[in-house]
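A closer look at the structure
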Amino acid sequence: MKRRDFLANLSCTAAFAATVPNVWRVTTRPRLADDPFQLGVASGDPTPSGGVLWTRLAPKPLEPEGGMDGQRVVVTWEVADDDGFRAIVKQGRATAAPELAHSVHVDVDGLAANRWYFYRFRSGEATSPVGRFRTAPAANTDVPLRFAVASCQHYEQGLYTAYAHMAREELDLVTHLGDYIYETAAIPGRTRQHVGLEIRTVDDYRRRYALYKADPLLQAAHARCPWLVTWDDHEVDNNYGGVFGENVMESEEQMRARRAAGYQAWWEHQPVRVPRAKSWADLDITRTFDWGSLARFFVMDGRQYRSAHACNQGSDTVPCGDWADPSRTMLGSRQERWISDGLASSRARWQVLANQVMVAPNDSDPGPVTRVSMDQWSGYPAARDRLLRTIAERAPNRTVVLTGDIHTHWVNELHSDFARPDRPVVAAEFVGTSISSGGDGSAAANDSQSSRNPHVKWFANRRGYITCTVDATAWTADYHTLPFVSRPDAPIETPSRWRVTRGRPGVERL
Ligand SMILES: [Fe+2]
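The text that follows walks through the structure, step by step, so that each part is easy to find. This structure is a prediction, so every number in the text was calculated from the model and none was measured. (Residues numbered from 1 in each chain as written. Predicted model: local features only at pLDDT ≥ 70, side-chain atom pairs only at ≥ 80, totals over all residues. Heavy atoms only, no water.)

1. Quick word on the overall build of the protein
We apply this condition: Only runs of H or I of at least four residues qualify as helices and only runs of E of at least two qualify as strands under DSSP, and these elements are numbered from the N terminus. Radius of gyration here uses only the C-alpha atoms, and the compact-globule reference equals 2.2 Å multiplied by the residue count raised to the power 0.38. Three labels apply to residues, based on accessible area from a 1.4 Å probe with only protein chains included: buried if under 20% of the type maximum, exposed if over 50%, partly exposed otherwise in between.
The number of helices and strands found in the protein is seven helices and 24 strands. Radius of gyration (C-alpha) of the protein: 23 Å, near the 24 Å computed for a compact globule of 510 residues. Across its three principal axes, the protein shows a C-alpha extent of roughly 75 × 55 × 55 Å. Per-residue burial for the protein yields a buried fraction of 56% across its 510 residues.

2. Looking at the side chain of T476
Cut-off, in case you're wondering: Contact between two residues is taken to exist if any of their heavy atoms lie within 4.5 Å; hydrogens are not considered.
Structurally, T476 can be placed in strand β22 (residues 474-482). With residues near it in sequence (within four places) discarded, T476 still touches T467, C468, T469, R497, W498, R499 and L510.

3. Digging into the coordination of the iron ion
Selection criterion: Donor criterion used throughout: N, O or S atom within 2.8 Å of the metal, extended to 3.2 Å for Na, K and Ca. Water excluded; incomplete-looking sites may result. Any site counts as irregular unless it has four donors with all angles between 85 and 135 degrees, making it tetrahedral, or four or six donors with opposite ones more than 155 degrees apart and the rest between 65 and 115, making it square planar or octahedral.
The protein atoms that coordinate the iron ion are C152 (SG), D179 (OD), Y182 (OH) and H407 (NE2), at distances spanning 2.1 to 2.6 Å. Relative to the metal, the four donor atoms surrounding the iron ion lie at angles of 87 to 165°, and the coordination shape comes out irregular. Read from N- to C-terminus, the donor residues coordinating the iron ion fall into the pattern C-x26-D-x2-Y-x224-H. One end of the pair, C152, is in the loop between β9 (145-150) and α2 (161-166); the other, H407, is in the loop between β17 (399-403) and β18 (409-415), and 255 residues separate them in sequence. Of the residues examined, C152 reaches a relative accessible area of 0% and is grouped as buried.

4. Focus: the packing of aromatic side chains
Operational definition: Ring pairs are drawn from Phe, Tyr and Trp, using the six-membered ring of Trp, whenever the two centres fall within 6.5 Å, and their geometry is named by plane angle: stacked under 30 degrees, edge-to-face over 60, tilted for the rest. Each ring is checked for a lysine NZ or an arginine CZ that lies within 6 Å of its centre and within 35 degrees of its normal; such an atom marks a charge sitting over the ring.
For the structure on display, the rule yields 20 aromatic pairs. Ring plane angle 90° and centroid distance 5.9 Å describe the contact between Y160 and Y163, whose orientation is recorded as edge-to-face. Its relative accessible area of 1% is what places Y160 among the buried residues. Aromatic ring contacts, followed pair by pair, group F147, F289, W291, F297, W350 and W475 into a single cluster. For the cation-ring pair, R120 lies above F85, with the distance from its terminal atom to the ring centre recorded as 3.9 Å. Here the basic side chain of R334 rests over the ring of Y305, its NZ or CZ set 5.7 Å away from the ring centre.

Next comes the structure, spelled out in structure tokens:
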């Protein structure tokens, strides 16, 4: 920059500051109408030396700006060895700003590897609830991992009892695979939520997160251990792909604006180490996460970069339209290359794909035709072939795919080529059911689990989650279910347990 331009810019800034004096004023003594920590605390994306600590100031969570009145507020944070905070090991200050919904993301560093810590925030006279989090093991150390897989928590369709049980488990981590919020809400007296009732602006999405985050059971699960979060469609719009929304009347420009609103609110409300984008409509959330030398997680984004659906957004008989076109993509070419390179170069014993929609095909037509979901990987067969070939060539039988989206539990074996089922199994796919979406569910068996879909090994239509226990040689997946979510206090059940032995194809029921 030339010196003259610099001075001109400086005088502009000075003039601006003089006319709007309060914009940059940061206060340590905010005026708060109520407890600003009603949305709880969270942690995520742990490293061997730290992790991201999160909160959001919102004394009136459902009101505009969460009741913060445009104040710019100093928040102090503390990390301690004990939950009484007698032995504080790190502390600092952050600013909660109105343009980021008074969210706070502290990327704390300098802690010891493979250890539990406690954290809390303070603002003015208020102190947050205490959260517990842990650092990841150091690189090149082989430490077992126990974590939960969650997804799909429609607020109006069921209670978060699953999180009450999850919060009682000893877990190192929770992986959330998306549909953390829903852009539609059941309106009393209406049978079907229609597009006109959907949220669109960043303030709409913020209010929706505030509603969900206010739930004490969800807060308890966040406060218990770090999370690793990705998104699916409902963080923006049902079944969207790239810039194509559910409603075909919504233009690409409108969808980009909606993406920007949804992505920004997601960033503001999640404990993620995701750099802010120049434009919120293009927020890259893909990242790896290492658990020592045991596991490398690839946190995927199956929404932002995908091609438009072929034929329609529901299920369809195939082939149809441009369904099989090899140029169609689920992940986009950059993300495909990232996974392919990552599977080749990772030295971890297990490769974990934190994925959105089901990879295994599910032919739902009992007759001779094949009918599959066009929103799942089955709707993008060439992209699925590329993914499975990559796994087969680079990390066979040490890759596990974790999937959400469809509100039911599945155990699938992934073959290197589903067009030729005699091809070997190269990975396991554990599909976790919803936390609440879909309501109570039923005990009915799945008619898809038949000779049409021999790679589907188990299925259940109940709400719940999976816990995975991983060591150097074996991966165990425990499938948990709740008999109901329409009333409180459902017990937790474990109807099925599965094991993958590293280096050996297929899953084994325990
Ligand atoms: Fe969902």
